[in-house]
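# A structural walkthrough
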Amino acid sequence: MPAPPPLIPPVTTWGRRRVLLLNTTFEPLTALSLRRAVVLVVCGKAEVVHGDPAGMVVHSATSSVVIPSVIRLSSYVRVPYRGRVPLTRAGLMHRDRYRCAYCGGRAETIDHVIPRSRGGQHTWQNCVACCAKCNHRKADKMLAELGWRLRVVPTAPRGPHWRLLAGVVDADPLWLPYLGEPAA
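Scope of this entry: the structure provided in the associated data block. (Residues numbered from 1 in each chain as written. Predicted model: local features only at pLDDT ≥ 70, side-chain atom pairs only at ≥ 80, totals over all residues. Heavy atoms only, no water.)

### Looking at the pattern of salt bridges
Applicable threshold: In what follows, salt bridge is the name for a side-chain nitrogen of Lys or Arg lying within 4 Å of a carboxyl oxygen of Asp or Glu. Numbering of helices and strands runs from the N terminus, with a helix taken as a DSSP run of H or I at least four residues long and a strand as a DSSP run of E at least two residues long.
Scanning the entire structure with this criterion turns up 4 salt bridges. Across the salt bridge formed by Arg 72 and Glu 47, the nearest N and O atoms sit 2.6 Å from each other. A residue pair is termed long-range when its members are at least 10 positions apart, and Arg 72 in strand E6 (residues 68–73) and Glu 47 in strand E3 (residues 46–51) qualify at 25 residues. Linking Asp 111 and Lys 138 is a salt bridge whose minimum nitrogen-to-oxygen distance equals 3.4 Å. With a gap of 27 residues between them, Asp 111 in strand E7 (residues 109–112) and Lys 138 in helix H3 (residues 132–138) connect regions that are remote in the sequence.

Okay, structure coming up:
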């Protein structure tokens, strides 16, 4: 009689899944790991605002906890001064909604509007998301030399959620009402 196939444990999202942490005032603070969020809920330091859309639940010997998507702290935490939002690739792509600043296509790269070879700075006001085709065609030329214009003038992002979202690639759509963005 052949041996039964080994049981393969189900793939869990403990390591990859992120949960939005809100202050008691519903101000977004950070994105935590799923494990840390469940610990905060179980210890009574946070409450679940939105559970997992699939309705998943974690069970222990004595209790059950809904897998959270958004949690809120039970007591207020004072947030220290927040400086400028650092310019990162993920943050820039999020600001430009993954659209090319020149043609509106799907952005894959970052382009300096005034090329660095011509004195352009690496700042929020000079960097835009760009598709590979437009980036290659533009090369180190100025927009006036090509007769191109920007679809939107690049600006530095504002708001407390930008620092949070710059590092999170796959933000849950349930987070949008708490980040000050339209839910569309």
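### So, a nonpolar patch on the surface
To keep things clear, this is the line we draw: Patches draw on residues past 30% relative accessible area with no salt bridge. Two like charges within 9 Å are joined, as are two nonpolar side chains (Val, Leu, Ile, Met, Phe, Trp, Tyr) within 5 Å. Every accessible area reported is derived by Shrake-Rupley at a probe size of 1.4 Å, with residue values counting cover from the shown protein chains alone. In this scheme, a residue with accessible area under 20% of its type's maximum is buried, one over 50% is exposed, and one in between is partly exposed, where area comes from a 1.4 Å probe on protein chains only.
A cluster of nonpolar side chains, contributed by Val 48, Val 57 and Val 66, occupies part of the molecular surface with about 190 Å² of accessible area. The residue Val 66 is located in strand E5 (residues 64–66) in this model. For Val 66, a relative accessible area of 39% puts it in the partly exposed group.

### Here's the deal with the pairing of strand E8 (residues 127–130)
We apply this condition: One requirement defines pairing of two strands: DSSP has to find at least two bridges between them.
Neither face of E8 is exposed, since Cys 127 and Ala 129 on one face and Val 128 and Cys 130 on the opposite face are all buried. Bridge count between E7 and E8: 4 bridges; the pairing is antiparallel. Residue pairing across strands places Thr 109 opposite Cys 130, the latter belonging to E8.

### Let's talk about the environment of Phe 26
The condition is simple: Only heavy atoms enter the contact rule, under which two residues are in contact if any of them lie within 4.5 Å.
Following the sequence through the fold, Phe 26 ends up in the loop between strand E1 (18–22) and strand E2 (28–33). Classification of Phe 26 as partly exposed rests on a relative accessible area of 39%. The sequence separation of Phe 26 and Tyr 178 amounts to 152 residues, and the corresponding C-alpha distance is 6.9 Å. The residues touching Phe 26, leaving out its near neighbours within four places in the chain, are Val 49, Arg 72 and Tyr 178.

### A closer look at the pairing of E6
Taken across its 6 residues, E6 has 6 buried, putting it largely inside the fold. As paired strands, E1 and E6 are joined by 3 bridges and run parallel to one another. Along E6, the bridge assignment pairs Leu 20 with Val 70. Where E3 and E6 come together, 5 bridges link them in antiparallel fashion. Among the inter-strand pairings, Gly 51 is bridged to a residue of E6, identified as Pro 68.

### Some remarks on the packing of aromatic side chains
This is how the line gets drawn: Aromatic pairs are defined between Phe, Tyr and Trp rings, using the six-membered ring for Trp, whenever the two ring centres lie within 6.5 Å; interplanar angles under 30 degrees are classed as stacked, those over 60 as edge-to-face, and all others as tilted.
The full count for this structure, using the stated rule, is 1 aromatic pair. Their ring planes at 45° and their centres at 5.2 Å tell us that Tyr 102 and Trp 148 sit as a pair that is tilted. Residue Tyr 102 is found in the loop between helix H2 (89–95) and E7, and its partner Trp 148 is found in the loop between helix H4 (143–146) and helix H5 (161–165); the two are separated by 46 residues along the sequence.

### Description of the side chain of Arg 72
For the record, the criterion: Think of a polar contact as two N or O atoms within 3.5 Å of one another; within protein, one of them needs to be a possible hydrogen donor and the other a possible acceptor, and neighboring residues in sequence only count if both atoms come from side chains.
In terms of polar contacts, Arg 72 uses its side chain to reach the backbone carbonyl oxygen of Thr 24, at 2.8 Å. Reaching out from Arg 72, the side chain makes a polar contact with the side chain of Glu 47 at a distance of 2.6 Å. Contacts of Arg 72, omitting those with residues within four sequence positions, involve Leu 22, Asn 23, Thr 24, Phe 26, Lys 45, Ala 46, Glu 47 and Val 49.

No statement about biological role is implied by the geometric values presented.
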